[in-house]
Amino acid sequence: MNSEAFAHWLRTGLGSALLNQEQACVATAMTRVFGTRHLEIGLSSALAVTPRLPAGQQPQVLPAVSSDTDRGPVIARPEELPFHDDWMDSVVLHHTLDLAEDPRQALREAVRVVRSGGQVIVIGLNPIGLWGLRRLFGLRRDAPWNSRFLLARRVQDWAQVLGCCVAPARYGFFRPPVGGRRLQTRLAFLEPFYERGIQVPFGGFYCLVAEKRDAARIPLRPVMPDPRVASMPVANRNVSPGMGRARLRVVSSRPDEGGENA
């Protein structure tokens, strides 16, 4: 899908209003994230949603070369991230699953590069509500209406299969998808659900926070010390005069090494 057209739409009046709420939602989620390595997979450096933290590394992955290169973005496909396993403390997917060729693989890559206990934050367009109706009955299928609009519940299931603990989705932007910046400002009174944190699944976008949980690895065979037959003197006052000393016999615990040594 055309990520450049989507990025251009986010600079319009309607897109900017949506982006402002997405940035506020991600900033709230990042208050519970610890560490110094934070990755965002987005559309443009100028449209980033991750807050600029005072210290640490904040690389950004973009799908194409952008003129906004102030953060030194990494050009890569979200399905093939050039980072080591368990490296990042958090990964933000900003409409990545809406635009990726393989959204499940993109999510799998994000979980791969985040450490155990780290968080993957997913921002996506919601197919339920006014925005979903606009996409369903709209005549024009340009950006953003030609993107996927995945259900939040579906993304939750994918993350749980990948070993993540997923918090309930938070929805935002309950204004209708019409008009420009001035009309959207007048319609701001339609945001009581978002401001009060009420979980109503009818907003324009959803925000999911998934924490990676690695199960404890249980070895198939217990690690046992290598048993050896040892011979050592044992003091015994009740031995007969004809016996000089006794020996201790240790039998190997391995079936293939069974037997005893004199």
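Residues numbered from 1 in each chain as written. Predicted model: local features only at pLDDT ≥ 70, side-chain atom pairs only at ≥ 80, totals over all residues. Heavy atoms only, no water.

What to know about the overall build of the protein
At step 1: In terms of helices and strands, the protein carries eight helices and ten strands.
At step 2: In the protein, which comprises 262 residues, the proportion classed as buried is 42%.
At step 3: Long-range contacts, defined here as pairs at least 24 residues apart, represent 68% of the contacts in the protein between residues at least 6 apart. (Helix = DSSP H or I, 4+ residues; strand = E, 2+ residues; numbered from the N terminus. Buried < 20%, exposed > 50% of the residue type's maximum accessible area, 1.4 Å probe, protein only. Contact = heavy atoms within 4.5 Å.)

Description of the environment of G179
At step 1: Mapped onto the elements, G179 comes out in the loop between β7 (170–172) and α7 (181–186).
At step 2: Note: C-alpha distance between G179 and L14 (165 residues apart in sequence) is 6.6 Å.

Structural notes on unusual backbone geometry
At step 1: The omega angle of the peptide bond from A143 to P144 is 5 degrees, so this bond is cis rather than trans.
At step 2: Position of P144 relative to the elements: it lies in the loop between α5 (130–137) and α6 (152–161).
At step 3: The backbone of F149 sits at a positive phi, close to 60 degrees, despite the residue not being glycine.
At step 4: Take F149: it is sitting in the loop between α5 and α6.
At step 5: Given a relative accessible area of 4%, F149 falls into the buried group.
At step 6: Of note, F173 is a non-glycine position whose phi angle comes to about 65 degrees, a positive value.
At step 7: Structurally, the position occupied by F173 is in the loop between β7 and α7.

A short note on helix α2 (residues 13–30)
At step 1: The terminal C-alpha atoms of α2, which comprises 18 residues, lie 26 Å apart, in line with the 26 Å expected from a rise of 1.5 Å per residue.
At step 2: Buried residues dominate α2, accounting for 13 of its 18 residues. (Expected span 1.5 Å × (residues − 1).)

Here's the deal with α6
At step 1: Taken residue by residue, α6 has A152, V155, Q156, W158 and A159 as its buried positions. All buried residues of α6 fall inside an arc of 160 degrees around its axis, so they share one side.
At step 2: Residues of α6 that are buried sit in contact with α3 (96–99), α4 (103–113), β5 (114–125), β6 (164–166), β7 and β8 (205–212).
At step 3: Two residues or fewer after α6 comes G163, characterised by a positive phi angle close to 90 degrees. (Arc of directions from axis to C-beta.)

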